[in-house]
Amino acid sequence: MNSLVRRLRMLLGTRHGLGLLGRNCAAAFGLLAGAAQLVLALRPDISLPRWQTFLGFVALATSIAVLASLPQERISRDFTHPDVTVTVEVGDLFDYRCHLVIGFSDTFDTDTRDESLVARRSVQGQFLHRIYDGDVTALDVLLADSLGDQTPVVTETRATKRIGKLHRYPVGTVAVVPSNGRSFFCTAYGRMNNDLVVSCGTEQLWRSLDQLWSAIRRHGHLEAVAMPIVGSDLARINNMDRASLLKMILLSFVAQSRAQRVCGSLTIVVRPQDYFSIDMIELGVFLRSL
């Protein structure tokens, strides 16, 4: 029931949805009217009540149009060059048992205790609590091991950054954390400012995506990958809503995949609460246009 309500609100609350509904309603009414004319031509002795028939056709055409126009909570496209499937669907990222992409800041902070560094509701916070049962030390050890061959670009002092980690890595750094046959690609797409606010520019995100695809290509063994809409949660990316971020991810992935295959399939997972901020009908058109 919740899914149907979400889809109806999307259909009636977006320009693309209303346009599609109007076109389908007109087409359905035309077919019903044509069928009625055909019946009357073959059986001229049949008498149909004018207004009752008209209103019945309107109601039936509207019902057919609504069913035909309901936006899907899952859209997918199979590409042949390269051979890869790209899917956008509503769901819970941590229900997927494939490789996962997790967004981090350039300091790879993990602590959610008072939510000054990492919000518990964020993907990064859920990663800590749902995968590592809130064991910050265990996750920090794995991240440090993965970053062992990386050189920090800056080391803050406790006077400049009052809590959290002090080593800063280049934005775009990816820490690959293996776990039970799959990998978590922890991508530092934003900068943790010393006021503990994460920021990220459009160019930074684009470069980070390039490095993310390279890391997945090297370590993902062409297997399935699922990821959230990175940059949509706590990072401050100016002038980009979730739909624009999603399109950027899709465009970046397809461009990189055409140069060299990245993975077998990519699923971008949209949280249910973000469904209304993304026009899934328009997104489907965009995905087909790539």
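Scroll up for the structure.
So, here is what we can say about the structure in this document. Computed from a prediction, not measured in an experiment: that's the story for all the values here.

1. Some remarks on the overall build of the chain
For the chain, the count of helices and strands is eight helices and 10 strands. Taken against the 2.2 N^0.38 rule, which gives 19 Å for 290 residues, the C-alpha radius of gyration of the chain at 25 Å runs more than 25% over that of a compact globule. Based on the C-alpha atoms only, the size of the chain along its principal axes is roughly 90 × 40 × 35 Å. Classification of the 290 residues of the chain by burial places 47% in the buried group. Partitioning the intrachain contacts of the chain with sequence separation of at least 6 by distance along the chain shows that 70% fall at a separation of at least 24. When the accessible surface of the chain is summed, it comes to about 14800 Å², and 55% of that surface belongs to carbon and sulfur atoms. Distance from the positive charge centre (31 side chains) to the negative charge centre (27 side chains) of the chain: 6 Å.

2. A word on a nonpolar patch on the surface
There is a patch of nonpolar side chains on the surface, built from Trp-51, Phe-54, Leu-55 and Val-58 and spanning about 430 Å² of accessible area. As for its position among the elements, Leu-55 is in helix H3 (residues 50–69).

3. What to know about the packing of helix H7 (residues 242–259) against helix H8 (residues 280–289)
In contact at an axis separation of 11 Å, H7 and H8 are set at 20° when each is read in the N-to-C sense. For the element pair H7 / H8, the angle class is roughly parallel. Crossing of H7 over H8 shows right-handed handedness. Along its contact with H7, which presents Leu-246, Lys-247 and Leu-250, the element H8 presents Glu-282, Leu-283, Phe-286 and Leu-287.

4. Describing unusual backbone geometry
Most peptide bonds are trans, and most residues other than glycine sit at a negative phi. One non-glycine residue, Glu-115, lies in the positive phi region at around 65°. For Glu-115, a relative accessible area of 43% corresponds to the partly exposed category. One non-glycine residue, Leu-222, lies in the positive phi region at around 60°. Of note, Leu-222 is situated in the loop between helix H6 (202–219) and strand E9 (224–227).

5. Here we look at the nonpolar core
Counting 42 residues, the largest nonpolar core has Trp-213 and Leu-250 as its most contacted members. Per element, the largest residue contribution to this core is seven residues, and it comes from H7. Core analysis: the next-biggest nonpolar cluster, separate from the first, contains 23 residues, Leu-100, Phe-104, Val-123 and Tyr-169 among them.

6. Considerations on the packing of aromatic side chains
Applying the stated rule across the entire model yields six aromatic pairs. Judged by centre distance (6.3 Å) and plane angle (90°), the ring pair of Phe-104 and Phe-127 falls under edge-to-face. Taken together, the residues Phe-104 in strand E3 (residues 99–105) and Phe-127 in helix H4 (residues 123–131) connect sequence positions 23 residues apart. An aromatic cluster of at least three residues, connected via ring pairs, comprises Phe-104, Phe-108, Phe-127, Tyr-132, Tyr-169 and Phe-184. One Lys or Arg, Lys-247, reaches over the ring of Phe-286 and ends 5.5 Å from the middle of that ring.

7. Quick look at the pattern of salt bridges
Tallied over the full model, the rule gives 10 salt bridges. Arg-130 is the partner of Asp-92 in a salt bridge, and the nearest nitrogen-oxygen pair spans 3.0 Å. Residue Asp-92 is located in the loop between strand E2 (83–90) and E3, and its partner Arg-130 is located in helix H4; the two are separated by 38 residues in the primary sequence. For Arg-130, a relative accessible area of 39% translates into the label partly exposed. A salt bridge links Arg-168 to Asp-106, with the nearest nitrogen and oxygen atoms 3.0 Å apart.

8. Description of the side chain of Ser-208
Tracing the sequence through the fold places Ser-208 in helix H6. With residues near it in sequence (within four places) discarded, Ser-208 still touches Val-171, Gly-172, Thr-187, Ala-188 and Tyr-189.

9. Observations concerning H7
In this model, H7 (18 residues) spans 26 Å end to end at C-alpha, consistent with the 26 Å of a helix rising 1.5 Å per residue. Among the residues of H7, those classed as buried are Ala-243, Leu-245, Leu-246, Met-248, Ile-249, Leu-250, Ser-252, Phe-253, Val-254, Gln-256 and Ser-257. The inward-facing, buried residues of H7 abut strand E1 (74–80), E2, H6, E9, strand E10 (265–270) and H8.

10. A look at the environment of Gly-19
Mapped onto the fold, Gly-19 is located in helix H2 (residues 15–42). When its relative accessible area of 27% is taken as the criterion, Gly-19 is described as partly exposed. Sequence spacing of Gly-19 and Leu-4 is 15 residues, and the spatial spacing of their C-alpha atoms is 19 Å.

11. A short note on the packing of H6 against H7
Two numbers describe how H6 lies on H7: the axes approach to 10 Å, and their chain directions differ by 45°. In terms of their interaxial angle, H6 and H7 are classed as oblique. Considering how the two elements wind past one another, H6 and H7 form a crossing that is right-handed. Of the residues in H7, those touching H6 at Thr-202, Leu-205, Trp-206, Leu-209, Asp-210, Trp-213 and Arg-217 are Leu-245, Met-248, Ile-249, Leu-251, Ser-252, Phe-253 and Gln-256. When the residues that make up the contact of H6 with H7 are grouped by side-chain class, the tally is nine nonpolar, three polar and two charged.

The rules behind the values
Residues numbered from 1 in each chain as written. Predicted model: local features only at pLDDT ≥ 70, side-chain atom pairs only at ≥ 80, totals over all residues. Heavy atoms only, no water. Helix = DSSP H or I, 4+ residues; strand = E, 2+ residues; numbered from the N terminus. Rg over C-alpha atoms; globule rule 2.2 N^0.38 Å. Buried < 20%, exposed > 50% of the residue type's maximum accessible area, 1.4 Å probe, protein only. Contact = heavy atoms within 4.5 Å. Areas by Shrake-Rupley, 256 points an atom, 1.4 Å probe, with all protein chains shown as cover. Lys, Arg positive; Asp, Glu negative; His and termini not counted. Charge placed at Lys NZ, Arg CZ, Asp CG, Glu CD. Patch = residues over 30% accessible without salt bridge, like charges linked within 9 Å, V, L, I, M, F, W, Y side chains within 5 Å. Salt bridge = Lys/Arg side-chain N within 4 Å of Asp/Glu carboxyl O. Axes fitted to C-alpha atoms, helices over the stretch in contact; angles between N-to-C directions. Parallel < 35°, antiparallel > 145°, perpendicular 65-115°, else oblique. Left-handed = near helix turned anticlockwise from the far one by under 90°. Core = buried A, V, L, I, M, F, W, Y, C linked by side-chain atoms within 4.5 Å. Phe/Tyr/Trp six-rings, centres within 6.5 Å; stacked < 30°, edge-to-face > 60°. Lys NZ or Arg CZ within 6 Å of the ring centre and 35° of its normal. Expected span 1.5 Å × (residues − 1). Nonpolar A, V, L, I, M, F, W, Y, C, P; charged D, E, K, R; others polar.

Geometric values such as these leave the question of function open.
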